[in-house]
Amino acid sequence: MQLLEERIRRDGIVREGNVLKVDSFLNHQIDVTLLNEMGRELLRLFGDDGVTKILTIEASGIGIACIAAQYFNVPVVFAKKAASKNISGDVYTSRVHSFTKDKYYDVMVSKDFLHAGDRVLIIDDFLAKGAALIGLCDIINQAGATVVGAGIAIEKAFQDGGKKVRDMGIRIESLARVASMSPGSGVVFAE
Ligand code: 5GP
């Protein structure tokens with residue numbers, strides 16, 4: 001998506017350790033007009049797939065998911081990150097490794113909000129090594145619901161998450177695919 005790529009090129013900051021900071025429009029300050037266009041594009045990509053629910057993960061996926069959900073006219077559920085001791089019985093849980101924080105945490109979704117029969121579109125801000133996506137797919141499977149696919153704002157295509165998750169048979173549509181990046185020379189996008 002050209003608009004997003006232009007914005008990343010202009011305002012994205014590449015940090016050491018393969019981290020792209022997009023705090024000025026996506027992860028801290030939010031450009032709602034841009035997110036609106038992203039939501040419209042996700043509807044174009046997944047609008048015919050009978051989506052009944054959008055699932056994301058707190059915190060940075062929530063904004064994108066909510067704006068996209070207005071186009072799909074479905075609820076958003078966000079997986080909460082929880083200390084294991086806070087998890088009660090009526091939740092689906094999965095253990096996820098955080099790429100940016102380099103630690104494991106449990107994510108959980110109440111059994112009240114995902115059901116067999118739901119057709120779930122996952123939305124997230126980044127795809128790196130795939131741990132967040134795999135955890136969310138695990139939760140959807142535990143609920144007996146169907147993974148329609150994943151809509152990702154920024155896929156770092158030089159990391160292995162995209163291949164791993166696509167090899168699981170999951171459809172991934174990324175609005176911007178970063179082929180390579182470095183603090184010195186910035187971001188290069190995939191075709
Ligand atoms: P994965 O689970 O695919 O390794 O990483 C995806 C998650 O890590 C996303 O939910 C996102 O919050 C975070 N993440 C991964 N890479 C980046 C990055 O380069 N920049 C930012 N801001 N977040 C990232």
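Here the structure is a predicted model, which means the values were calculated and not measured.

**Some thoughts on the pattern of salt bridges**
Opposite charge on two side chains permits them to pair, given that their charged atoms come into close proximity.
Here's step 1: Tallying each qualifying case throughout the model produces 13 salt bridges.
Here's step 2: Where Asp118 meets Lys53, a salt bridge forms, and the shortest distance between an N and an O atom there is 3.5 Å. Here Asp118, found in the loop between strand E6 (103-110) and strand E7 (119-127), pairs with Lys53, found in strand E3 (residues 53-57); they are 65 residues apart in sequence, far enough to count as distant. Each member of the pair Asp118 and Lys53 is classed as buried.
Here's step 3: The shortest N-O distance in the salt bridge between Glu155 and Arg177 comes to 3.3 Å. Taken as a pair, Glu155 in strand E8 (residues 146-156) and Arg177 in strand E9 (residues 172-182) lie far apart in primary sequence, 22 residues in all.

**Quick look at the nonpolar core**
Here's step 1: Counting 34 residues, the largest nonpolar core has Leu4, Ile8, Leu20, Leu26, Met38, Ile54 and Ile154 as its most contacted members.
Here's step 2: Of all the secondary-structure elements, those providing two or more residues to this core are helix H1 (2-11), helix H2 (23-27), helix H3 (32-46), helix H4 (61-72), E7, E8, E9 and strand E10 (186-189).
Here's step 3: Not counting residues within four places of it along the chain, the set of residues in contact with Ile54 comprises Ala65, Ala68, Ala69, Phe72, Val74, Pro75, Val76, Val77, Leu121 and Ile123.
Here's step 4: If you look at the next biggest cluster of nonpolar residues, it comprises 26 residues, including Leu55, Val120, Leu136 and Ala145.

**What about the site of the ligand?**
Here's step 1: Neighbouring residues of the ligand: 17 residues in total, closest Leu20, Lys129, Gly130, Ala132 and Lys156.
Here's step 2: Between an oxygen atom of the ligand and a main-chain N or O atom of Lys129, the distance comes to 2.8 Å.
Here's step 3: Protein contact buries 89% of the 500 Å² of open area that the ligand shows by itself.
Here's step 4: Most atoms of the ligand, that is more than half of them, are within 2 Å of grid points of the largest pocket.
Here's step 5: Taken together, the elements giving at least two residues each to the shell around the ligand come down to strand E2 (19-21), E7 and helix H5 (131-142).
Here's step 6: A breakdown of the residues in the shell around the ligand according to their chemical character gives 8 nonpolar, 5 polar and 4 charged.

The rules we used
- For every chain, the first residue of the written sequence is number 1, and numbering continues from 1 along that sequence.
- Confidence filtering applies because this is a predicted model: local features only for residues at pLDDT of at least 70, side-chain atom pairs given and counted only at 80 or more, and all residues used for totals across whole chains, interfaces and linings.
- For the side-chain quantities, the full set of heavy atoms in the structure was used; hydrogens and water were omitted.
- Salt-bridge detection follows one rule: a side-chain nitrogen of Lys or Arg within 4 Å of a carboxyl oxygen of Asp or Glu.
- The way it works is that DSSP assigns letters per residue, a run of H or I at least four long becomes a helix, a run of E at least two long becomes a strand, and they are numbered from the N terminus.
- Each residue is placed in one exposure class: buried if its accessible area under a 1.4 Å probe, protein chains only, is under 20% of its type's maximum, exposed if it is over 50%, and partly exposed if it falls in between.
- In these notes, a set of buried Ala, Val, Leu, Ile, Met, Phe, Trp, Tyr and Cys residues joined through side-chain atoms within 4.5 Å is what counts as a nonpolar core.
- Contacts are residue-level and defined by heavy atoms, with any inter-residue pair within 4.5 Å sufficient.
- When we say a residue is near a molecule or strand, we mean one of its heavy atoms is within 4 Å of it.
- Whenever two N or O atoms come within 3.5 Å, that pair is a polar contact, provided that in protein one can donate a hydrogen and the other can accept it, and provided that, for residues adjacent in sequence, both atoms are side-chain atoms.
- Each accessible area value is a Shrake-Rupley result obtained with a 1.4 Å probe; residue values ignore everything except the protein chains displayed when judging cover.
- Cavities and pockets are found on a 1 Å grid laid over the protein atoms alone: a cavity is a set of points where a 1.4 Å probe fits but cannot escape, a pocket is an open set with protein on both sides within 12 Å along at least five of seven lines, and a lining residue has an atom within 4 Å of such a point.
- A molecule is said to be in a cavity or pocket once over half of its atoms fall within 2 Å of that pocket's grid points.
- Residue classes follow a fixed rule: Ala, Val, Leu, Ile, Met, Phe, Trp, Tyr, Cys and Pro count as nonpolar, while Asp, Glu, Lys and Arg count as charged, and any other residue, Gly among them, counts as polar.

None of this, on its own, says anything about what the molecule does.
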